[in-house]
Amino acid sequence: MLTVHLIPAFDDNYIFAFPLYGGAWAVVDPGDAAPVINHFQRTGRKPSYIFLTHHHNDHIGGAEELRKKFGCKIIGHADDAARLPALDIAVNDGDKIDIDGTKVNVIRTDGHTIGHICYYLPDQRSIFVGDTLFVMGCGRLFEGSAEQMYASLQKLKALPDDISIYCAHEYTVANATFAHDYLPDNEEIKNGLYFFNQLRADNIPTVPTSLRAEKLSNPFLLADSAESFAAARKAKDQF
Ligand code: ZN
Ligand code: FE
């Protein structure tokens, strides 16, 4: 169990802030510094670590400014360092690191980009997945192939069912609308579409989700081969 603050940014991004075991705070994917600064000023705290999942500007754009203002240490993928702000802590696939007393496992998930990573906190039963997985959706294939993304999703699928999944965008209603069209007989999707529409009507976030829910309702996790994943991804791109 982890307390995570959702900091909305741009039109539909979520930046996440959460406490580490030692009491320091971490931020995930700060595409914009201003809302993060406002958030921490409001709570009277400061961020000490920044986790970056991939190089897109809506995930890294505010990192340098936050480092300057708060002296944060930036954590990111060693293999993608050329496209990220200078890394204070460079990590690789499979690394199990300890950040201020919190265990963090690094899982490489090529597909949306080559070099995308997710941060899994096994003791907190939580994972930050950037733009790899969304509620009833997955990231677009900007750099990787369908085979790569399918393999990445299998890695996530192998994690415990009860983990909370923190996705970096509020794309849920659009994803659920597609999912219902693509898999019209899936009751979980039908219920989700109704429920999520209600949440969004009141501006309530649909993030986090759980792996259990996604395994039942996410067309991209339900795909049982790279081919059926590719077909679903193509259908979504054209929807
Ligand atoms: Zn992205
Ligand atoms: Fe993004």
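Structure shown above.
Residues numbered from 1 in each chain as written. Chains lettered and ligands numbered in written order. Predicted model: local features only at pLDDT ≥ 70, side-chain atom pairs only at ≥ 80, totals over all residues. Heavy atoms only, no water.

Draft legend 1. Molecular detail of the layout of surface pockets. When its volume is computed, the largest pocket comes out at roughly 200 Å³. Every residue lining the largest pocket is counted, 13 residues in all, and those nearest its centre are Phe-134, Cys-138, Gly-139, Arg-140 and Tyr-171. By residue class, the composition of the lining of the largest pocket is five nonpolar, four polar and four charged. (1 Å grid on protein atoms, 1.4 Å probe; cavity = no way out; pocket = protein on both sides within 12 Å on 5 of 7 lines; lining within 4 Å. Points joined across faces, edges and corners; volume = space filled by probe spheres on them. Nonpolar A, V, L, I, M, F, W, Y, C, P; charged D, E, K, R; others polar.)

Draft legend 2. Here's a closer look at the coordination of the zinc ion (ligand 1). Ligation of the zinc ion (ligand 1) by protein atoms is provided by His-54 (NE2), His-56 (ND1), His-112 (NE2) and Asp-131 (OD), these donors lying 2.2 to 2.3 Å from the ion. Seen from the zinc ion (ligand 1), its four donor atoms lie at angles of 86 to 172°, and the figure they make is irregular. For the zinc ion (ligand 1), the donor residues sit on a single chain with the sequence spacing H-x1-H-x55-H-x18-D. Separating the zinc ion (ligand 1) from the iron ion (ligand 2) is a gap of 3.2 Å, bridged by Asp-131, which donates to each. With a gap of 77 residues between them, His-54 in the loop between strand S4 (47–51) and helix H2 (57–60) and Asp-131 in the loop between strand S10 (126–130) and strand S11 (133–134) connect regions that are remote in the sequence. This pair shows no difference in class: His-54 is buried, exactly as Asp-131 is. (Donors = N, O, S within 2.8 Å, 3.2 Å for Na, K, Ca; no water. Tetrahedral: all angles 85-135°; square planar, octahedral: opposite > 155°, others 65-115°. Helix = DSSP H or I, 4+ residues; strand = E, 2+ residues; numbered from the N terminus. Buried < 20%, exposed > 50% of the residue type's maximum accessible area, 1.4 Å probe, protein only.)

Draft legend 3. Examining the packing of aromatic side chains more closely. In the structure shown here, the tally under the stated rule is 16 aromatic pairs. Cluster of aromatic residues (ring-pair linked, three or more members): Tyr-14, Phe-16, Phe-18, Phe-51, Tyr-119, Phe-128 and Tyr-166. (Phe/Tyr/Trp six-rings, centres within 6.5 Å; stacked < 30°, edge-to-face > 60°.)

Draft legend 4. Structural context of helix H1 (residues 33–43). Every buried residue of H1 is accounted for by Ala-33, Pro-35, Val-36, Ile-37, His-39 and Phe-40. Residues of H1 that are buried in the fold lie against strand S1 (5–9), strand S2 (13–19), strand S3 (25–28), S4 and helix H3 (63–70). Gly-44 occupies a position one or two residues after H1 and carries a positive phi of about 70°. (Contact = heavy atoms within 4.5 Å.)

Draft legend 5. Quick peek at unusual backbone geometry. The residue after Val-207, namely Pro-208, is reached through a cis peptide bond having omega 5°. Along the chain, the position of Pro-208 falls in the loop between helix H6 (187–201) and strand S14 (209–210). In this structure, Asp-100 is a non-glycine residue whose phi angle is positive, near 50°. Within the secondary structure layout, Asp-100 lies in the loop between strand S7 (96–99) and strand S8 (102–108). Even without a glycine there, the phi angle at Arg-125 is positive, about 55°. Along the polypeptide, Arg-125 turns up in the loop between strand S9 (117–121) and S10. Judged by its relative accessible area of 34%, Arg-125 falls in the partly exposed class.

Draft legend 6. How the structure looks around the packing of helix H5 (residues 172–182) against helix H9 (residues 226–238). Look at H5 against H9: their axes get within 11 Å of each other, and the N-to-C directions meet at 120°. Comparing their axes, H9 and H5 come out oblique. When you trace H5 past H9, the crossing you get is right-handed. In contact with Asn-175, Phe-178 and Tyr-182 of H5, H9 contributes Ser-228, Ala-231, Ala-232, Ala-235 and Lys-236. Across the contact of H5 with H9, the residue classes break down as five nonpolar, two polar and one charged. (Axes fitted to C-alpha atoms, helices over the stretch in contact; angles between N-to-C directions. Parallel < 35°, antiparallel > 145°, perpendicular 65-115°, else oblique. Left-handed = near helix turned anticlockwise from the far one by under 90°.)

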